[in-house]
Amino acid sequence: SVTKCGQDSLAANVFIGSQIDQIKQQCGVNKCHQIHIGQERNTCPVLKIHDTEMDIVSESKYLGDTISNKIQQNGSNDKNIKKRCNTGYGTLSKIMTMLKTVSLGFYYFEMALVLRESYLINSMLFNSEVWYGLNKIQVNKLTEVDKLLFQKIMEVPDSTPITSFYLEFGTIPIEYIIKARRIIFLHTILTRTFTFLQYIEK
C-alpha cells in the first residue's frame, strides 16, 4: 500500500490489518515493514501489525524491483538498472548461442530481431513503465546491452554507431520503447473505471 503520511497511512494500516484477520492469516512481524520516502514530518504516524510496531527499512524488493528510500538511496533506480543489465548480458549470450547452433539461412537476421524483441527487450524492460526518476545515464546503460547484441549479430567493431543499427534494421531504440510503455500505462490508469475505493466498498 502506498499512502501519504498521516490519516491516510493509518487508515490503510487498519484496513490491511482487518483484511488479514478476516481471512485468518497470521502475517509474521518480520515480513511486514515500512519505507518512508521523502522528508520526515510530525504527521508521520507509527504503523503496527498485530500490535507490534513495524520496522522501518531503507529498501525492499517488490515484484522483482528494488524500492529505495529517497533520502538514503536518492530514490534512484541504479540497483534495478544494474540487475536488468546483468540479465540482459545473460540473455544476449543465450540469443547468440541459439543463432549459431540453429541453421536459419536467409532468416538469420529476421530471427535475430524476433529474439531481440521477445527475449532481450522483455527481460530487461519488464515493469519499466513504473520506474520513477529514470535518467539518461541509466537508459544509456540499457542501450549499451542492446548495442552489443547488434554488434554481435552484424559482426562489426565497437566503433560502429548505434544509430546505424536502428536505421539498418528499422528497429526502435530502448529509450522510446520505455516511453511508449509509460504512455500506455498512463492511458490505462486514466481510462479505467474500477477504482480502489470501489474495491474497499465491495
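Details of the structure are given in the entry above.
Counting of residues starts from 1 at the beginning of each chain's written sequence and follows it residue by residue. Local features in this predicted model are restricted to residues whose pLDDT is 70 or higher, and side-chain atom pairs enter the listing and the counts only when it is 80 or higher, whereas totals over whole chains, interfaces and linings include all residues. Water and hydrogen atoms were dropped before computing side-chain values, which therefore reflect all heavy atoms in the structure.

The next thing to look at is the pattern of salt bridges. What counts as a salt bridge is simple: a side-chain nitrogen of Lys or Arg found within 4 Å of a carboxyl oxygen of Asp or Glu. The final tally for this structure, using the stated rule, is 4 salt bridges. Residue Arg116 pairs with Asp146 through a salt bridge whose shortest N-O separation is 2.8 Å. With Arg116 in helix α4 (residues 108–125) and Asp146 in helix α5 (residues 136–154), this pair connects stretches of sequence that are 30 residues apart. Of the two residues, Arg116 and Asp146, both sit in the buried class. As a salt-bridge pair, Lys136 and Glu175 come within 3.1 Å of each other at their nearest N and O atoms. With Lys136 in helix α5 and Glu175 in helix α7 (residues 174–191), this residue pair connects regions lying 39 residues apart in the sequence. Each residue's exposure class comes from its accessible area (1.4 Å probe, protein chains only) as a fraction of the maximum for that residue type: buried when under 20%, exposed when over 50%, partly exposed otherwise. Note on Glu175: relative accessible area 22%, which makes it partly exposed. Each of Arg116, Glu117 and Asp146 takes part in one network of salt bridges that share partners. The helix and strand labels rest on DSSP assignments: H or I over at least four residues marks a helix, E over at least two residues marks a strand, and numbering proceeds from the N terminus.

Time to look at unusual backbone geometry. In this structure, Asn127 is a non-glycine residue whose phi angle is positive, near 70 degrees. Under the relative-accessibility criterion, Asn127 is labelled partly exposed at 22%. With a phi angle near 55 degrees, Glu155 is a residue other than glycine that sits in the positive phi range. Structurally, the position occupied by Glu155 is in the loop between α5 and α6 (162–169).

Moving on, we come to the side chain of Thr91. Assignment of secondary structure puts Thr91 in helix α3 (residues 78–101). Overall, Thr91 belongs to the buried group, its relative accessible area being 6%. When neighbours within four sequence positions are excluded, Thr91 is seen to be in contact with Tyr119, Leu120 and Ser123. Any pair of residues with heavy atoms lying within 4.5 Å of one another is described as a contacting pair.

Among the structural elements, Glu53 can be located in strand β3 (residues 52–53). The partly exposed category is assigned to Glu53, whose relative accessible area is 48%. For the pair Glu53 and Gln34, spaced 19 residues apart in sequence, the C-alpha to C-alpha distance is 10.0 Å.

So, about the packing of aromatic side chains. Working definition: rings of Phe, Tyr and Trp (its six-membered ring) pair if their centres are within 6.5 Å, and the pair is stacked with planes under 30 degrees apart, edge-to-face with planes over 60 apart, and tilted otherwise. Applying the stated criterion across every chain, the model contains 5 aromatic pairs. Between Phe150 and Phe169 the ring centres are 5.4 Å apart and the planes differ by 20 degrees, which places this aromatic pair in the stacked class. With a gap of 19 residues between them, Phe150 in helix α5 and Phe169 in helix α6 connect regions that are remote in the sequence. Ring-pair connections join several aromatic residues into one group, and the members of that group are Tyr108, Phe109, Phe150, Phe165, Tyr166 and Phe169. The positively charged end of Arg84 is found above the aromatic ring belonging to Phe126, 3.8 Å away from the centroid. Two limits define a charge over a ring: the Lys NZ or Arg CZ must be within 6 Å of the ring centre, and within 35 degrees of the ring normal.

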